[in-house]
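Descriptive structure summary
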Amino acid sequence: MSYKSIIVNLAVDGPPAPIIRVGIELAERFGARLIGLAAADVPPLVATGDGMVYEGEIMQIQRTEIEKRLAELRAEFERLVPASIFSEWGQAVCGPTRFLSVSARAADLIVTGGRDGDNVFRAVDIGSLALGAGRPVLVAASNGEHVLAKTVLVAWKDTREARRAMADALPFLAKASEVVVATIDTDRDESIRDSLADVAVFLEHHGIMARTEMLAGEADGDRLLTFARSIHADLIVSGAYGHSRLREWAFGGVTRTLIEESGISRFMSY
């Protein structure tokens, strides 16, 4: 198994070069075609001195500015991607999360940067993307232009989402120097130990030798991140939203914590 088609998302308000270089490196690593995408939308309401109103002229100016920015991103993508990589470009004046979710049908993997503001008209909602794309989402760390994935932490919980994430991440796991499968044991349930053993056997059948860890403490994202840093993990693989998204955002949860993390790359599936 490998990734043969990779989407890289360019945020309209962020510097394009770092995430493009991440996409290039991954396309070269897996022998994949690289699809560059960018999108932003015009808010249906604009603020004026009289409040929030529909204003056709202002909306057209904003649309023209978006189209100019998308053209700049395309030029940078085409300048940086070498001819040795088969590449394509796509852009749209629409919500970036929706555009990426629809475009995901053409790819094995979506690569994006972290949260670039809360304006859903100009920035991807990573949680919604993970839930709606039907493809794994790789959120690159903000401090580099590479996803080395030399030490990979698989955040294990015996759920559908975690199983899906581990299977989707097999190309990364197969190339890693070290794979650690860790779970947080809050109930001292023997079945958790059995599930870890089964996961290790599953990975071994794919030629991946992984060690397993049972972590003590509260089942939260901060505990997981602390362990990830202790082993110098540069990629965390996890299922997205083992609980309902509403519950996660209301009360906190691992997915929410991982989305807000920026120092380690994260690979999520739902």
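See the structure above.
In this report, we go over the structure that sits alongside the text. (Residues numbered from 1 in each chain as written. Predicted model: local features only at pLDDT ≥ 70, side-chain atom pairs only at ≥ 80, totals over all residues. Heavy atoms only, no water.)

**Some words on the side chain of Ser 238**
Its location among the elements puts Ser 238 in strand S11 (residues 235-239). Contacts of Ser 238, omitting those with residues within four sequence positions, involve Ala 155, Ala 165, Leu 258, Phe 267, Met 268 and Ser 269. (Helix = DSSP H or I, 4+ residues; strand = E, 2+ residues; numbered from the N terminus. Contact = heavy atoms within 4.5 Å.)

**Concerning empty space enclosed by the protein**
As enumerated under the stated definition, the model contains one cavity of 30 Å³ or more in all. When its volume is computed, the largest cavity comes out at roughly 30 Å³. Every residue along the wall of the largest cavity is listed here: Asn 9, Leu 10, Ala 11, Val 12, Ala 39, Pro 96, Arg 122, Ala 123 and Val 124. Here the lining of the largest cavity is built from residues that sort into seven nonpolar, one polar and one charged. (1 Å grid on protein atoms, 1.4 Å probe; cavity = no way out; pocket = protein on both sides within 12 Å on 5 of 7 lines; lining within 4 Å. Points joined across faces, edges and corners; volume = space filled by probe spheres on them. Nonpolar A, V, L, I, M, F, W, Y, C, P; charged D, E, K, R; others polar.)

**Description of the sheet that holds strand S1 (residues 5-9)**
Taken in spatial order, the 10 strands of this open sheet run S5-S2-S1-S6-S7-S12-S11-S8-S9-S10, and their pairing is mixed. Sheet topology places strand S5 (87-93) and strand S10 (210-215) at the edges, where each strand pairs with a single neighbour. Put simply, the sheet's adjacent strands are angled 20° from each other on average, direction ignored. Most of the contacts of helix H7 (residues 190-205) go to S10, to which it runs at about 160°, and overall it touches strand S9 (178-184) and S10. (Pairing = 2+ DSSP bridges. Axes fitted to C-alpha atoms, helices over the stretch in contact; angles between N-to-C directions.)

**Examining the pattern of salt bridges**
Counted under the stated rule, the structure contains 14 salt bridges. Taking the shortest distance from any N to any O, the salt bridge between Glu 67 and Arg 63 comes out at 3.3 Å. Taken together, the positions of Glu 67 and Arg 63, both in helix H2 (residues 56-80) and four residues apart, correspond to about one turn of that helix. The salt bridge partner of Arg 79 is Glu 76, with a shortest N-O separation of 2.9 Å. Placement of both Arg 79 and Glu 76 in helix H2 is noted, with a separation of three residues, approximately one turn of the helix. Here Arg 79 falls in the exposed class, since its relative accessible area comes to 57%. Each of Glu 178, Arg 211 and Glu 213 takes part in one network of salt bridges that share partners. (Salt bridge = Lys/Arg side-chain N within 4 Å of Asp/Glu carboxyl O. Buried < 20%, exposed > 50% of the residue type's maximum accessible area, 1.4 Å probe, protein only.)

**Topic: the packing of aromatic side chains**
The tally for this structure, following the rule as stated, stands at five aromatic pairs. Summarising the aromatic geometry, the rings of Tyr 3 and Phe 172 are spaced 5.6 Å apart at their centres and angled 50° between planes, so their arrangement reads as tilted. Remark: Phe 172 occurs in helix H6 (residues 170-175) and Tyr 3 occurs in the segment before S1; sequence separation between them is 169 residues. Across the pair, Phe 172 and Tyr 3 agree in class, each one buried. Aromatic rings pair up to connect Tyr 3, Phe 30, Phe 172 and Phe 267 into one cluster. Above the ring of Tyr 270, the side-chain terminus of Arg 160 is found at 4.9 Å from the ring centroid. (Phe/Tyr/Trp six-rings, centres within 6.5 Å; stacked < 30°, edge-to-face > 60°. Lys NZ or Arg CZ within 6 Å of the ring centre and 35° of its normal.)

**Examining unusual backbone geometry**
Backbone geometry at Ala 149 places phi at a positive 55°, although glycine is not the residue there. With respect to the element layout, Ala 149 can be found in the loop between strand S7 (137-139) and strand S8 (151-155). Ala 149 gets classed as buried once you look at its relative accessible area, which sits at 1%. One non-glycine residue, His 232, adopts positive backbone phi at about 60°. Within the element layout of this structure, His 232 appears in the loop between helix H8 (221-230) and S11.

**Concerning the packing of helix H1 (residues 16-30) against H2**
The interhelical angle for the contact between H1 and H2, taken along N-to-C directions, is 45°, at an axis separation of 10 Å. Considering their axes alone, H1 and H2 lie oblique with respect to each other. In this structure, H1 crosses over H2, and the sense of that crossing is right-handed. For the pair H1 and H2, contact is made by Pro 16, Ala 17, Ile 20, Arg 21 and Ile 24 and by Arg 69, Leu 73, Glu 76, Phe 77 and Leu 80, respectively. Counted by class, the contact of H1 with H2 contains seven nonpolar, no polar and three charged residues. (Parallel < 35°, antiparallel > 145°, perpendicular 65-115°, else oblique. Left-handed = near helix turned anticlockwise from the far one by under 90°.)

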